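# Residue-level structural notes
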Amino acid sequence: MPEVRSPLSRAGLAGVVFLFILQGAPVFADPAGAKPSYYEIDAQPLAHALMAYSEQSKIVIVVPSGILEGKTSHRVKGRLNHEAALTMLLKGTGLEVEKLDNGALTLQQSTPEAVELPPPPPPVPVGEPKPSPLNIPMVPETEIEEGPSTQDTVVVTGVRGAPRSVTDSPTPIDVLTYQDMQQGSSTGIYGSFRYLIPSFNLPTRGGGGTASIIASGGMRGLNPDHTLVLVNGKRRHKTALINSVSSLYNGAAGADFNMLPSSAISRVEVLRDGAAAQYGSDAIAGVINIILKDDPDDGDLSISAGQNFDRNDGEFFTVSAGNGISIGQSGSLNLFYNFMSREESNRAVPISDRVNLYPLLEGGARDPREATIDRMITQNYGAFPQISHIFGGNFSYDFADMEFYSFGTYGFRKSELNWSFRAPNRIVSLPEVYPDGFRPRLVIEEDDFELVAGFRGESANGWAWDVSSGFGTDITDWKNTNGLNASLGPSSPTQFNIGHLISSEWVNALDVTKLQELYRAGAIQVSFGLQHRLERYEIEEGEEASWIAGDYVRPEGQPFAGELLPPGAQATPGFRPDDSGAIRRTNLSAYGELGWSLSENLFLNAALRYEDFDDAAGDEIIYKAGGRYAVTDWLTLRGSFNTGFRAPSLAQQAYASTTSQFRDLDGDGEAELLLLKNLPVNSVAARALGASPLQPETSRNTSFGFALTPNSNLSVTVDAYQIDLDDRIVVTSTFSPLDTRLSADGITTIGDQIQALLVANELSPGISGQYYTNAIDTRTRGLDIVATYRAHTEYGSFRFIGGFNRNETDIRRIVENPPELEALGGIDIFDRSKRAALTDTIPDSKISLGVGWEYGPFKTTFRTTRFGRYMVRNATNPDEDYDVDPEWIADLEIGYALSENFTVYAGANNLLNTYPEQINEPSEINGSNMYNTFAPFGFTGGNWFVRGAFHW
C-alpha cells in the first residue's frame with residue numbers, strides 16, 4: 001500500500017485516502033435499503049471529524065490536498081444514513097460531496113455541478129462541545145495499519161469552542177482513558193492518578209480519620225481543593241468529609257472521585273494549568289474533567305479480585321458494568337454500576353510480652369491474664385475496610401433545534417475506622433464494661449447524589465448556547481461502635497450516634513460561544529457565560545451520651561480511684577450542640593473568553609472572570625492570558641499567565657469535631673494520646689487562641705513550555721510553572737494541655753496555660769484545640785515532562801509512555817502570632833511539622849516509565865514509577881526529623897483475549913512488594929509506627945489481582 005500522508009501536511013500529495021476497515025470489507029456507498037447508523041462526532045478540525053466519520057461508516061473518502069486546511073466540522077449526533085451524516089458534518093465548510101465511479105466519495109469546493117445529496121434532518125446544535133466516546137480520533141501520517149498517531153488526541157478542556165488536539169492546546173493537558181485507569185488501583189480509579197499524572201501526589205494515608213476515607217490528592221504541590229473537578233464540563237460537588245485528622249492537606253475538602261462509577265468514564269482530561277478565570281474558583285492548580293460514556297451501542301462488564309502478597313489480607317472484589325441503549329431515533333441512555341468491597345490490611349506487630357496491659361495486682365505482681373491476651377493490639381496500621389455501591393446514568397435526546405441532556409450519580413459507601421486499642425490499664429477503660437480492653441470503631445455511612453440537566457442548541461446566526469442546572473449533595477452518618485463514654489461509668493452505652501455532616505451545592509449556568517471568521521485576520525472564538533452557585537454545609541449534633549461529660553469517678557480499689565474520667569465517646573466524641581448548625585452562601589460569577597486564531601501557526605486566548613460571594617469572601621476579578629505558536633511543523637511553543645481566587649470552603653469555616661490522636665508534643669520522640677478538637681474560627685475558644693475570620697486565597701500562576709512532534713508516533717511536551725499562593729489556609733499548631741514546655745516566665749508549663757484558657761472558654765479539661773487560619777504565602781515551582789511513542793512492528797504494537805515531575809514549595813511569609821498566643825510565649829501558630837507538610841513531605845520528584853504491548857490476543861502493560869525523596873519534621877525537636885529515600889515501584893498486567901469480546905487479565909500492583917524505608921523500630925506501646933503514612937505507594941506491600949472484561 002503506498003504511503004498516505006495527512007491532509008494537514010504542508011507537503012501534500014494530489015489526494016488523500018481515509019480508509020478504515022473495522023469489520024470485513026469497506027463500504028463505498030450506502031447499500032440499498034441500508035439501515036441508518038448511530039453517529040457521534042464532535043465539532044472539531046475537519047480532518048479529524050472525517051476520520052471519525054470514516055471509522056463509524058466504513059466509507060472511503062478521497063480528499064484533495066489542502067482542501068481541509070483551517071476548516072472545522074459541524075457536530076453530528078443521532079441515527080442517520082451515511083450521506084445525511086456527511087452532509088451535516090460539512091455544513092458551513094464550503095465543501096460538498098461527489099460520488100466517484102467506483103462508489104467512493106470525494107470532497108470538492110461547492111459548485112453548482114456538485115452532486116446534490118438528500119437534505120439532512122435539522123442540524124444538531126453544537127453547544128459547549130460535548131466529548132466524543134472515541135478515545136483517540138486521530139489522523140495518521142503513515143499507513144493506516146500502523147494505528148493512530150499519539151499527538152492528535154482530541155480534548156475539549158482548556159479552550160472553549162471546537163475541540164483541539166493535545167499538542168495544539170495552549171495549555172498542558174493529559175488524557176487518561178478508562179483502560180489506562182483500570183491498572184494501578186485495586187479498588188478505585190482515583191488511585192491510578194498517582195501513576196498517570198506527573199505532578200499528582202496521593203498518599204495512601206495522609207493521616208487518620210476521614211483523611212483515609214476520601215483519599216485526597218493534590219496537583220502541582222497544592223491541595224486537593226485547589227483543583228476543580230468537572231463531569232462532562234460541569235462542576236462536581238464537594239464531599240462533606242473534610243481532611244481533619246491528617247498531616248497532609250489538612251482542611252481540604254475536594255470532590256470525591258471514588259463516588260463516581262468508574263464504568264461510566266470514557267476518558268479523563270487533566271488540565272495542568274491555572275484556569276480559575278475560565279472555569280471558576282478552585283481551579284488554581286488545574287482542572288480534571290471527567291468525560292462520561294454516551295455510545296448507545298456500547299456495553300461492558302468487568303469483575304476483579306485480589307489481595308495483598310503479605311499476610312493474605314486486604315482482599316478486594318470489584319464489579320464494574322455499563323450499557324447503552326438507543327432512545328427513539330435521536331436519543332441515547334447509558335447506565336452504569338460499580339461495586340467495591342475491600343477488607344482491612346494491617347502491618348503492625350505484636351507488642352512485647354514485657355509490656356503490661358492490665359493493672360498490677362496488690363504487691364506489684366503482674367496479672368496472669370498478661371500471658372493470654374492477644375498482643376496484636378493495633379489493627380488499623382494499614383488500609384481500612386470499605387464497601388460501596390455506585391450508580392450512574394448519562395442521557396441525551398435531540399429535538400428539532402436543540403438537545404436535552406442529563407447525567408447523574410448515586411453512591412452509597414460504608415467505611416470502618418478502627419481506632420487505637422484502649423488497654424485494660426488505661427484510665428478510659430472500665431473493667432466492668434471491657435475487662436480485656438476495647439478498640440473503638442467509627443463507622444461512616446455516606447449517601448452521595450448528583451443530578452445535572454440542561455438544554456443546548458445553536459441560534460440561526462451561529463451562537464451555540466448551553467443552559468444547565470445541577471444539584472449535588474454528600475450526606476454522612478457517623479456512628480461510634482464498640483465504644484464507651486468513661487465519664488458516664490459502667491452504665492455508659494457502647495454504641496453512639498455521633499451526628500451527621502452534610503454538604504450540598506446547586507449550580508446554574510449559561511454558556512454561549514461562537515466562532516467568527518475575521519477578514520484577513522483568521523478567526524476568533526467568542527465565549528461568555530454566567531453562573532449561580534448556592535452552597536450549604538450542615539453539622540447535626542450527636543446523641544447526648546456521645547459528647548456529655550459525666551461525673552463518674554473510679555471507686556476505691558481500682559486504678560485512678562477518685563479521678564474524673566475523660567468525657568465523650570472514646571476516639572470520636574459526638575458533635576456537640578454548640579458545634580451543630582448550618583451555614584450557606586451564594587456565589588455569582590460572569591466570564592468572557594476570547595480565542596483568536598490569527599493564522600495556522602499562532603493562537604492567542606484571554607479570559608476575564610468576576611466572582612462575587614455574599615459572605616466575608618467578597619468579590620474579585622481574575623484573568624488569564626496565553627497562547628501557542630507553531631515555530632515549525634514539529635515544534636510548538638506555549639505559555640500562560642493567570643490569577644486565581646479561592647474562597648474558604650464552608651467546611652473550613654464551620655467544621656467542628658473531636659478525635660483522639662497520638663501526638664509528640666514535646667519533641668521527645670514519644671507520642672501521647674490526646675483528645676483534639678477542631679475549633680470553628682468563629683467559636684469562643686478559637687477566638688481566645690487568636691482566630692479571625694478566614695479570607696480568600698489568591699494566586700498568580702505562570703506557565704511556559706513547548707511540544708515536540710517530530711513524527712506522527714512521537715510526542716514530547718515540556719512545561720515549567722510557578723504558582724504564588726497568598727493567604728493560604730492551613731491548620732494551626734496543636735494547642736494542648738499536655739504540652740510540657742515551660743512558658744515564657746519559666747514558672748508554668750505552656751500546657752497549663754492552654755488548659756486554663758480553653759476551660760475558661762467552654763471546653764472540657766484535657767481537650768486540645770486547633771483551627772484553620774490564613775497563615776502563610778507560598779511559592780511552588782516545578783517542571784513537567786511527558787513523552788509518548790508508538791511503534792508498530794511485525795512483533796506487535798508498542799506504546800511507550802514517560803513522565804517526569806520536579807516540584808518544590810517554599811514558604812515566603814508566615815503570619816505573626818496573634819496577641820493571644822504571643823502572651824503564652826514559646827509557641828508558634830504554625831509549627832515545624834505543619835510547615836514541612838507543605839514544603840518537604842511531598843516527594844520532590846516523580847518519574848514514570850511504561851510500555852504497552854499488543855500482539856494478537858496478548859496484551860501486556862508494564863509500568864515503573866520512582867517516587868522521590870521527602871522529609872518529615874517534628875513539631876519542636878529537629879533531632880526527631882527523618883528523611884525518606886526514593887523508591888521504585890513496578891506494576892505488571894498481562895491479558896489474553898479469549899474471544900473478540902472477552903479478555904482475562906492477571907497482574908500485580910507493586911510487583912516487587914516494596915515497602916517504604918523503615919524509620920523506627922516497632923513502638924513498644926502499640927507495635928506500629930515503623931513506616932510513615934505519607935508514602936504514595938502505601939506501606940502494606942504489593943498485591944495481585946485477576947480480572948475478566950467482557951465488552952459488547
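Residues numbered from 1 in each chain as written. Predicted model: local features only at pLDDT ≥ 70, side-chain atom pairs only at ≥ 80, totals over all residues. Heavy atoms only, no water.

In this section: the overall build of the chain. Along its length, the chain carries 11 helices and 42 strands. Looking at the chain as a whole, 58% of its 952 residues qualify as buried. Partitioning the intrachain contacts of the chain with sequence separation of at least 6 by distance along the chain shows that 71% fall at a separation of at least 24. Working note: accessible area of the chain is about 35,300 Å², and carbon and sulfur atoms make up 57% of it. (Helix = DSSP H or I, 4+ residues; strand = E, 2+ residues; numbered from the N terminus. Buried < 20%, exposed > 50% of the residue type's maximum accessible area, 1.4 Å probe, protein only. Contact = heavy atoms within 4.5 Å. Areas by Shrake-Rupley, 256 points an atom, 1.4 Å probe, with all protein chains shown as cover.)

This next bit is on the sheet that holds strand S15 (residues 286-292). With mixed pairing, the 5 strands of this open sheet are ordered in space as S9-S14-S15-S12-S13. Taken across any chain shown, the strands that pair with only one partner, and hence form the sheet edges, are strand S9 (173-177) and strand S13 (234-235). Pairing of strand S14 (residues 265-271) with S15 involves 6 bridges; the strand directions are antiparallel. When the bridges of S15 are listed, Val270 appears paired with Ile288. (Pairing = 2+ DSSP bridges.)

We now examine the side chain of Asn805. Residue placement: Asn805 occurs in strand S35 (residues 796-814). Among the polar contacts made by the side chain of Asn805, one reaches the side chain of Tyr721 at a distance of 3.1 Å. Of the polar contacts made by the side chain of Asn805, one reaches the side chain of Asp784; its length is 2.6 Å. When residues no more than four places from it in sequence are discounted, the contact partners of Asn805 are Pro198, Ser199, Tyr721, Leu783, Asp784, Asp844, Ser845 and Lys846. (Polar contact = N/O pair within 3.5 Å; in protein donor to acceptor, adjacent residues only side chain to side chain.)

The next thing to look at is the pattern of salt bridges. Summed over all chains, the structure comprises 49 salt bridges. Here Arg947 ties to Glu893 by a salt bridge, and the two come within 3.0 Å at their closest N and O atoms. With Arg947 in strand S42 (residues 943-951) and Glu893 in strand S40 (residues 887-897), this pair connects stretches of sequence that are 54 residues apart. The exposure class of Arg947 is buried, given its relative accessible area of 8%. Overall, Glu893 belongs to the buried group, its relative accessible area being 7%. (Salt bridge = Lys/Arg side-chain N within 4 Å of Asp/Glu carboxyl O.)

Mapped onto the elements, Thr940 comes out in the loop between strand S41 (902-909) and S42. Contacts of Thr940, omitting those with residues within four sequence positions, involve Asn308, Ser345, Arg347, Gly382, Ala383 and Tyr915.

What follows is about the environment of Ala582. Its place among the elements puts Ala582 in strand S25 (residues 581-597). The exposure class assigned to Ala582 is partly exposed, which follows from its relative accessible area of 41%. A sequence separation of 43 residues divides Ala582 from Ile539, and the C-alpha atoms of the two residues are 6.3 Å apart. Discounting residues that sit within four places of it in the chain, Ala582 has contacts with Arg536, Tyr537 and Glu538.

Moving on, we get to the packing of aromatic side chains. Two measures describe an aromatic ring pair: the distance that separates the ring centres and the angle between the ring planes. Enumeration according to the criterion identifies 25 aromatic pairs in this entry. For the pair Tyr381 and Phe939, a centre-to-centre distance of 4.7 Å together with 40 degrees between the ring planes defines the contact as tilted. One end of the pair, Tyr381, is in the loop between strand S18 (331-342) and strand S19 (386-398); the other, Phe939, is in the loop between S41 and S42, and 558 residues separate them in sequence. Each member of the pair, Tyr381 as well as Phe939, carries the same accessibility label: buried. Just above the ring of Tyr405 sits the side chain of Arg456; from NZ or CZ to the centre is 4.3 Å. (Phe/Tyr/Trp six-rings, centres within 6.5 Å; stacked < 30°, edge-to-face > 60°. Lys NZ or Arg CZ within 6 Å of the ring centre and 35° of its normal.)

Strand direction decides the pairing type here: strand S21 (residues 441-458) and strand S22 (residues 464-481), joined by 18 bridges, are antiparallel. Note on S22: the bridge partner recorded for Asp448 is Asp474. Where S21 folds back on S22, the antiparallel hairpin that results is connected by 5 residues, among which Gly462 adopts a positive phi of roughly 95 degrees. For S22 and strand S23 (residues 496-517), the ladder comprises 17 bridges, and the chain directions are antiparallel. Its bridge partner lying in S23, Asp474 is registered against Ser503.

The next thing to look at is unusual backbone geometry. You will see that Asn910, though not glycine, has its phi angle at about 55 degrees, which is positive. Locating Asn910 in the fold gives a position in the loop between S41 and S42. Phi at Asn929 takes a positive value of approximately 70 degrees, unusual for a residue other than glycine. Examined against the element boundaries, Asn929 turns out to sit in the loop between S41 and S42.

Here we take up the side chain of Thr513. Along the chain, the position of Thr513 falls in strand S23. Relative accessible area serves as the criterion here: at 4%, Thr513 is assigned to the buried category. Polar side-chain contacts of Thr513 include one of 3.4 Å to the backbone oxygen of Val526. In this structure the side chain of Thr513 is engaged in a polar contact, spanning 2.8 Å, whose partner is the side chain of Ser527.

In this section: the environment of His226. As for its placement among the helices and strands, His226 is situated in the loop between strand S11 (218-219) and strand S12 (227-231). A sequence separation of 55 residues divides His226 from Ser281, and the C-alpha atoms of the two residues are 8.3 Å apart. Leave out the neighbours within four places in its chain, and His226 touches Asp282, Ala283, Ile284, Ala285, Gly286, Arg646, Glu697, Leu725 and Arg728. In this structure the side chain of His226 is engaged in a polar contact, spanning 2.7 Å, whose partner is the side chain of Glu697.

Turning to the pairing of S35, a few remarks are in order. Direction of pairing for strand S34 (residues 772-793) relative to S35: antiparallel, over a ladder of 18 bridges. Directly across from Thr788, in S35, lies its bridge partner Ile801. Inspection of the sheet shows S35 paired to strand S36 (residues 845-855) by 10 bridges, in the antiparallel sense. Looking across to S36, one finds that Ile801 is bridged to Gly850.

So, on to the confidence of the model for the chain. Per-chain confidence: the chain averages 83 in pLDDT, with 84% of residues scoring 70 or above. Contacts of residues 1-34 to residues separated by more than four positions or lying in other chains number 78 contacts, the stretch itself having pLDDT below 50. (pLDDT = per-residue confidence, 0-100.)

Helix H2 (residues 82-89) sits mainly inside the fold: 7 of its 8 residues count as buried. Every buried residue of H2 is listed here: His82, Glu83, Ala84, Ala85, Leu86, Met88 and Leu89.

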